[in-house]
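Structural description and commentary
Residues per chain are reported as follows:
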Amino acid sequence: MPADGQNPQTLGFPPEQINTDRPHPARMYDYYLGGKDHYAVDAAAAEEVLRRTPQVRDSTRGNRAWMHRAVRYLAETAGVRQFLDLGTGVPTSPNLHEVAQRVDPACRVLYMDNDPIVLAHAGALLTSGPAGRVAYRHGDLRQPAAVLGEARAAGIFDWDRPIALILSAILHFVPDEADPAGVLRTYCDALPDGSYLAMSHATGDYSPTTSAGAAVYAERNVAAPLVLRGYADVLRLFGGTRPVEPGVVRLPEWHPELGPAPRPEDGLGYDPDRVWTYGGVARIEPRGLC
């Protein structure tokens, strides 16, 4: 049962559709951020990850801060007004649309995730200002044809205008055998000219303890494995795009001036030296395959 005491039926789903016996990455992410929308099985798995790899909480919070900076850049500097966020996770304010609509209230955002508990909270927490539009659809990013079909059916995007594809700390849950580069290529090929990709990805490049934490995802039968990739592999995922300065870097190095300085003593503060995640923002080349 979630920490707020709700059960699957009151969330609007039959109990069998919300698996309370198996950890889910979206709910574990909520736990790392200090949220309350997770189950005991998620908390137990997340605590074991933190025991082995304490910096995961810093990486998670640093990733969240990077996402805010990336969206602000896309809206302010790149002029993007449409955002497709795949692997949304449990809504945590400020949400992506709140950041974008602070720049322009007319921004449009479509969220997608494959955990029913995310949908359960979407109606209350993912609400747009009157000038813009926000929608949520249930979907699995590993099925791009279905996701793109849902995105078009949602009817909130103008498919003749650029769209920013946001993959914030989600592609490392797509194993190599599922062809993450091919999945990403399908999305990029479907987006209008002038679109952008913003992506972050966990890495084991900075400490062997990261692999120990990632192993928990397999040991606890989490709904998706955690696949750590090195810098060269993450850079290859950006293939066919043109990263904006400073390129694909460790998250705290990506335009820190666009957000407040992290304060580890704050509730959601973090130590930048313990954020071991790569990321960047890139323009999708008109004919490129990313």
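Before any of the text, the structure's been laid out above.
Report on the accompanying structure. (Residues numbered from 1 in each chain as written. Predicted model: local features only at pLDDT ≥ 70, side-chain atom pairs only at ≥ 80, totals over all residues. Heavy atoms only, no water.)

**Here's the deal with the packing of helix H1 (residues 25–32) against helix H2 (residues 40–52)**
Here is the rule: Helix axes are fitted only over the stretch in contact, all axes being lines through C-alpha atoms; the angle between N-to-C directions runs from 0 to 180 degrees. Secondary structure elements are taken from DSSP: a helix is a run of H or I of four residues or more, a strand is a run of E of two residues or more, and numbering for both begins at the N terminus. For a crossing to be left-handed, the near helix must be turned anticlockwise from the far one by less than a right angle; the clockwise case is right-handed. Residue contacts follow a heavy-atom distance rule, with two residues in contact if any of their heavy atoms lie within 4.5 Å. In this count, Pro and Cys sit with the nonpolar residues alongside Ala, Val, Leu, Ile, Met, Phe, Trp and Tyr, while Asp, Glu, Lys and Arg are called charged and the others, Gly among them, polar.
Close contact between H1 and H2 brings their axes to 9 Å; oriented N to C, the two are set at 65 degrees. Crossing angle aside, the handedness with which H1 passes H2 is right-handed. Facing Arg27, Met28, Tyr31 and Tyr32 of H1, the residues of H2 in contact are Asp42, Ala43, Ala45, Ala46, Glu47, Val49 and Leu50. A class-by-class count of the residues in the contact of H1 with H2 yields eight nonpolar, no polar and three charged.

**Concerning the environment of Arg161**
Rules: Partly exposed describes any residue whose relative accessible area lies between the buried limit of under 20% and the exposed limit of over 50%, with all areas from a 1.4 Å probe on protein chains only and scaled to the type maximum.
Relative to the assigned elements, Arg161 resides in the loop between helix H6 (144–154) and strand E4 (164–167). Accessibility expressed as a relative area gives 40% for Arg161, which makes it partly exposed. Sequence separation between Arg161 and Leu191 is 30 residues, and the spatial gap between their C-alpha atoms is 8.9 Å.

**Observations concerning the pairing of strand E5 (residues 196–202)**
Put simply, the rule is: In short, DSSP must find at least two bridges between two strands for them to pair. Assignment of crossover handedness uses the view with strands pointing away from the viewer, where a clockwise path from the first strand over the helix to the second indicates a right-handed crossover.
Within E5, seven of the seven residues are buried, which leaves the element mostly enclosed by the surrounding structure. Because side chains alternate across E5, one face comprises the buried residues Tyr196, Ala198, Ser200 and Ala202, and the other comprises Leu197, Met199 and His201, equally buried. Where E4 and E5 come together, four bridges link them in parallel fashion. Pairing of Leu165 across the sheet is with Leu197, part of E5. Running through helix H7 (residues 180–190), the crossover from E4 to the neighbouring parallel element E5 is right-handed. Relative to strand E8 (residues 277–284), E5 is paired through seven bridges, and the arrangement is antiparallel. Paired with His201 across the two strands is Tyr278, which belongs to E8.

**What about the side chain of Gln55?**
Structurally, Gln55 can be placed in the loop between H2 and helix H3 (56–76). For Gln55, a relative accessible area of 6% gives the class buried.

**A word on H2**
Residue pairs three or four apart in sequence face the same way in an α-helix, which turns once every 3.6 residues. How we decide: One fewer than the residue count of a helix, multiplied by 1.5 Å, yields its expected span.
Given a rise of 1.5 Å per residue, 13 residues ought to cover 18 Å, and the 19 Å separating the end C-alpha atoms of H2 matches this to within 8%. Three or more residues of H2 are buried, namely Asp42, Ala43, Ala45, Ala46, Glu48, Val49 and Leu50. At its buried positions, H2 is contacted by H1, H3 and helix H8 (209–219).

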